[in-house]
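# Geometric and topological summary
Listed here are the chains, written in short residue letters.
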Amino acid sequence: MPASLRHLRMFLALGRDNSVTRAAAACHVSQPAVTQAMCKLAKETGQALFQRSPQGLFLTEAGKVLAHRASRALRLLDAAMADMDRPIRVQATWAQLSALIAVSEVENFTLAARRLGLAQPTVHRSTSMLEQAAGTVFFQRTAHGLITTRAAQNLAQAARLALAELEQAASDLAALDGAEAGRIVLGALPLSRSGWLPRAVLEFRKTRPRFPVEIIDGRYDELLLALRRGEIDMVLGALRLPSPIDDIVQERLFDDEVVVVARHGHPLLRRGKIELADLAAFPWVMPRRPTPIRAILDAALPRPQIAGHESPGVIETSSVIVLRELLRGSDQLGGVSRLQAEVEAEALAILPVHLPGALRPIGLTTRAGWEPTGAQREFLAVLRRTVPGGGDAL
């Protein structure tokens, strides 16, 4: 569990006022309480956070790093608590906030307790104490179960991001001692897995051979949710235009083309010229809606061929492996990224037909206001350096 919220507030007050006396007064605690809290915080971080001078106590380099991340974390929490009773700011604990997060995600106290490895009464008591301090209702019981209120959702989201900030702090503090802490968590959409991401990870490994990297693949909506919760650092792959929500930042790194693929020896490959209308004579394997590739195919191809429920011959899958095997054993057609098609060149051929509006932007998606650690900045630089086509891609 991260450092106590009360201790972090005392730490920031001392860093601002440079005086134990003034920090104690600002936090409404005794001077010994501030001193003890700072000793515990220094022990937990393994760093000297203050240095003495005739003018008072001043933050060390490590103290400045922690103060920066702690300020960001507490600003998030305080913004979510702004309309709640004041006691929650001084009484809330990470254990209570963790219980709130778990219950808000599963909307069930028993399931939340299992997730946290705690007894159900312990989780219920934690969220009840938080509710009392906030002076507001976090959960409403209905005939269909528990419903999380907007206040609880906002506070749980702020707590997730605040915890992520303190994890970043641990990584930043370790870097000051030449050590490594933390990890990089990547959300990988299909195209990024086809060469760009593996190439970037291998390049990163040359300078950071032991730094943990976790790659999570999944659907865009799942990865976006994890990104916004602070569980993923960045999502790599096709960008969504316009942006689906305003708390993310999208960075275009290159453009990719959607192409039509088929097995080698497909009847269409024997034709001198292929028209879009020719594609309607064959069944299709399609990505699921509302992916960018599916949108391009829906707009480009003859309507009867791609109208999902109207055409029972359409198979929908987000797996390039499944698509490849279906096409290898039939005359079906598929639409994929050119980069993915090139990886599957031994099994699939690209048909010489141009789809209108086939270019789509590929890049990075991060949280608005996210500040990467040193290791994450290095990885971002590698990602930008290893994009397909190099600098010409931009």
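This report concerns the structure included in the present document. Computed from a predicted model, the values in this text were never measured in an experiment.

### Structural notes on the pattern of salt bridges
Within this structure, the stated rule accounts for 29 salt bridges. Residues Arg16 and Asp17 are paired through a salt bridge, measuring 3.4 Å at the closest nitrogen-oxygen approach. Judged by its relative accessible area of 54%, Arg16 falls in the exposed class. The partner of Glu203 in a salt bridge is Lys206, and the shortest N-O contact between them spans 3.2 Å. Placement of the pair is Glu203 and Lys206 together in helix H10 (residues 196–207), with a separation of 3 residues, close to one helical turn. Owing to a relative accessible area of 26%, Glu203 belongs among the partly exposed residues under this scheme. When salt bridges that share partners are traced, they join Arg69, Arg72, Glu165, Asp172 and Glu371 into one network.

### A short note on the state of the cysteines
Inspection of every chain in the model, using the stated rule, returns 0 disulfides. Cysteine Cys27 is unpaired, with the sulfur of Cys39 as its nearest cysteine sulfur at 16 Å. Note on Cys27: relative accessible area 21%, which makes it partly exposed. Judged by relative accessible area, Cys39 falls into the exposed class, the value being 52%.

### Details of the packing of helix H1 (residues 5–17) against helix H4 (residues 61–80)
Direction vectors running N to C along H1 and H4 enclose 120°, while the axes themselves pass 10 Å from each other. Of the possible angle classes, the one that applies to H1 and H4 is oblique. The hand of the H1/H4 crossing is left-handed. Residues Leu5, Leu8, Arg9, Phe11 and Leu12 of H1 pack against Gly63, Leu66, Ala67, Ala70, Ser71, Leu74, Leu77 and Asp78 of H4. When its residues are assigned to classes, the contact of H1 with H4 shows 9 nonpolar, 2 polar and 2 charged.

### Details of the environment of Gly218
Its location among the elements puts Gly218 in the loop between strand E6 (213–217) and helix H11 (220–228). In the structure, Gly218 is positioned 94 residues away from His124 in sequence and 32 Å away in space, judged by C-alpha atoms. Discounting chain neighbours no more than four positions away, the residues touching Gly218 are Ala188, Leu189, Arg193 and Leu223.

### Some points on the side chain of Gln168
Among the structural elements, Gln168 can be located in helix H9 (residues 150–176). Residue Gln168 is classed as buried on the basis of its relative accessible area of 9%. There is a polar contact of 3.1 Å between the side chain of Gln168 and the backbone oxygen of Glu371. A distance of 3.0 Å separates polar atoms of two side chains, one belonging to Gln168 and the other to Gln376.

### A short note on H9
Between its first and last C-alpha, H9 extends 40 Å over 27 residues, near the 39 Å set by a 1.5 Å rise per residue. Looking one or two residues past H9, Gly178 carries a phi angle of roughly 75°, positive in sign.

### Focus: helix H2 (residues 20–27)
Within H2 the residues assigned to the buried category are Val20, Ala23 and Ala24. Buried residues in H2, looked at end-on, bunch into an arc of 100°, giving them a common side. For H2, the side-chain oxygen to backbone nitrogen distance between the N-cap and Thr21 is 3.3 Å, and the N-cap itself is Ser19. Positive phi shows up at His28, right after H2, with a value of about 60°.

Rules of the game
- Residues numbered from 1 in each chain as written.
- Predicted model: local features only at pLDDT ≥ 70, side-chain atom pairs only at ≥ 80, totals over all residues.
- Heavy atoms only, no water.
- Salt bridge = Lys/Arg side-chain N within 4 Å of Asp/Glu carboxyl O.
- Buried < 20%, exposed > 50% of the residue type's maximum accessible area, 1.4 Å probe, protein only.
- Helix = DSSP H or I, 4+ residues; strand = E, 2+ residues; numbered from the N terminus.
- Disulfide = S-S within 2.5 Å.
- Axes fitted to C-alpha atoms, helices over the stretch in contact; angles between N-to-C directions.
- Parallel < 35°, antiparallel > 145°, perpendicular 65-115°, else oblique.
- Left-handed = near helix turned anticlockwise from the far one by under 90°.
- Contact = heavy atoms within 4.5 Å.
- Nonpolar A, V, L, I, M, F, W, Y, C, P; charged D, E, K, R; others polar.
- Polar contact = N/O pair within 3.5 Å; in protein donor to acceptor, adjacent residues only side chain to side chain.
- Expected span 1.5 Å × (residues − 1).
- Arc of directions from axis to C-beta.

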